[in-house]
Amino acid sequence: MKVIYYGHSCLGVETGGRHLLFDPFISSNPLAKTIDAGKIPADFILISHGHADHIGDAVTIAKRTGATCLSNFEIATWLQARGVAKVIPMNLGGAVACDFGRVKLVSALHSSSLPDGTYGGNPGGWLVDAAAGNFYFSGDTALTLDMKLVGESVKLKWAALCLGDHFTMGVDDALKAADFIRCQQIVGIHYDTFPPIQIDHEVAKTKFRAAGKRLHLLAVGESHTF
Ligand code: NI
Ligand code: MN
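Given the structure is predicted, the values throughout are model-derived calculations rather than measurements.

(A) Expanded view of the nonpolar core. Core analysis: the largest hydrophobic core is formed by 52 residues, its most contacted members being Leu11, Phe22, Trp126, Tyr136 and Trp158. Excluding anything up to four places from it in sequence, tyrosine 136 contacts Val106, Trp126, Leu127, Met147, Val150, Leu156, Trp158, Ala159, Ala160, Leu161 and Ile181. One finds Ile4, Cys10, Cys69 and Val84 within the second-largest nonpolar core, a separate group that totals 26 residues.

Take a look at the structure:
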């Protein structure tokens, strides 16, 4: 399963012959100037919550690629009203079967207004059960005991955890989250993009290493195969 980092919380995941795209925020990301949002492949776009740094390029990419957008009910219907043809409106705790695997919308502790001020429902994270392995994408969230439910329910191959602090978990809470979800291989997201969420990479990696875990802080455009 190949994972490519497009900056901030945006990840591309290739699994089962499909391209999954999480939280596309590229054209307005000052650290993603090397990425062309007009060329990113997507069969499914998964949106964790309504904030602009997560839904940024979703409409444009969905229209270009014809991708199916998965999100909560409020965000999915907002996308539909903006001309996105294929949406799957979900809500917390629910899962849907897609051709590449099963996708569950799990809880996140955050907020979720849309860029135009529309109510964006509740924020979420994603639990993906694919043939090549299970993985969890935290979205924006505080550390929450609900993460233990993820760890109890599936064996994760890897997980993307927010760790930039200020708006979400910081590094120390992300390390606790990695314990809660029982996962050793962590991809960091939601860090460095803006001054309040800049982190010290070596300090963060060392903390994970000391706990017997591996923290991948991928460069923008870099990929890793799990
Ligand atoms: Ni947010
Ligand atoms: Mn965010």
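Now that the structure has been shown, the text picks up again.
(B) Inspection of the sheet that holds strand E9 (residues 124-130) at higher detail. Spatial strand order, E7-E8-E9-E10-E11-E12-E13: seven strands in an open sheet with mixed pairing. The sheet terminates laterally at strand E7 (95-98) and strand E13 (214-216), the two strands that pair on one side only. Geometrically, the sheet is characterised by an average inter-axis angle of 20° between neighbouring strands, direction not taken into account. Pairing between strand E12 (residues 185-189) and E13: three bridges, direction parallel. Along E13, the bridge assignment pairs glutamine 185 with arginine 214.

(C) Representation of the packing of helix H5 (residues 171-180) against helix H6 (residues 201-210). Where H5 meets H6, the closest approach of the two axes is 10 Å, and the angle between their N-to-C directions is 30°. Overall, the two elements H5 and H6 adopt an arrangement that is roughly parallel. For the pair H5 and H6, the crossing hand works out as right-handed. For the pair H5 and H6, the contacting residues are Val171, Asp172, Ala174, Leu175 and Ala178 in the first and Ala204, Lys207 and Phe208 in the second. Its residues assigned to classes, the contact of H5 with H6 shows six nonpolar, no polar and two charged.

(D) Representation of the sheet that holds strand E2 (residues 11-15) in the model. Taken in spatial order, the seven strands line up as E6-E5-E4-E3-E2-E1-E14 in an open sheet, and their pairing is mixed. Looking along the sheet, the strands with just one partner apiece sit at the ends: strand E6 (87-90) and strand E14 (223-225). The sheet shows a mean angle of 20° between the axes of neighbouring strands, taken without regard to direction. Bridge count between strand E4 (residues 44-46) and strand E5 (residues 68-72): three bridges; the pairing is parallel.

(E) Structural context of the environment of histidine 224. Within the secondary structure, histidine 224 sits in strand E14. Sequence-wise, histidine 224 and aspartate 129 are 95 residues apart; in three dimensions their C-alpha atoms are separated by 19 Å. Excluding residues that lie within four positions of it along the chain, histidine 224 makes contacts with Met1, Lys2, Val3, His216 and Leu218.

(F) Looking closely at the coordination of the manganese ion (ligand 2). Within the protein, the manganese ion (ligand 2) binds to Asp53 (OD), His54 (NE2), Asp140 (OD) and His190 (NE2); these donor distances fall in the range 2.1 to 2.2 Å. Read from N- to C-terminus, the donor residues coordinating the manganese ion (ligand 2) fall into the pattern D-H-x85-D-x49-H. The exposure class assigned to histidine 190 is buried, which follows from its relative accessible area of 2%.

(G) Focus on the pairing of strand E10 (residues 133-137). Where burial is concerned, most of E10 is hidden: five out of the five residues are buried. What you see with E10 is no split at all: Gly133, Phe135 and Phe137 on one side and Asn134 and Tyr136 on the other are buried throughout. Hairpin connection, E9 to E10: the antiparallel pair is bridged by two residues. Two elements, E10 and strand E11 (residues 156-162), share four bridges in a ladder whose sense is parallel. Bridging from a neighbouring strand, tyrosine 136 pairs with alanine 159 of E11.

What counts, and where the lines are drawn
- Residues numbered from 1 in each chain as written.
- Chains lettered and ligands numbered in written order.
- Predicted model: local features only at pLDDT ≥ 70, side-chain atom pairs only at ≥ 80, totals over all residues.
- Heavy atoms only, no water.
- Core = buried A, V, L, I, M, F, W, Y, C linked by side-chain atoms within 4.5 Å.
- Buried < 20%, exposed > 50% of the residue type's maximum accessible area, 1.4 Å probe, protein only.
- Contact = heavy atoms within 4.5 Å.
- Pairing = 2+ DSSP bridges.
- Helix = DSSP H or I, 4+ residues; strand = E, 2+ residues; numbered from the N terminus.
- Axes fitted to C-alpha atoms, helices over the stretch in contact; angles between N-to-C directions.
- Parallel < 35°, antiparallel > 145°, perpendicular 65-115°, else oblique.
- Left-handed = near helix turned anticlockwise from the far one by under 90°.
- Nonpolar A, V, L, I, M, F, W, Y, C, P; charged D, E, K, R; others polar.
- Donors = N, O, S within 2.8 Å, 3.2 Å for Na, K, Ca; no water.

Worth remembering: the numbers are spatial, not functional.
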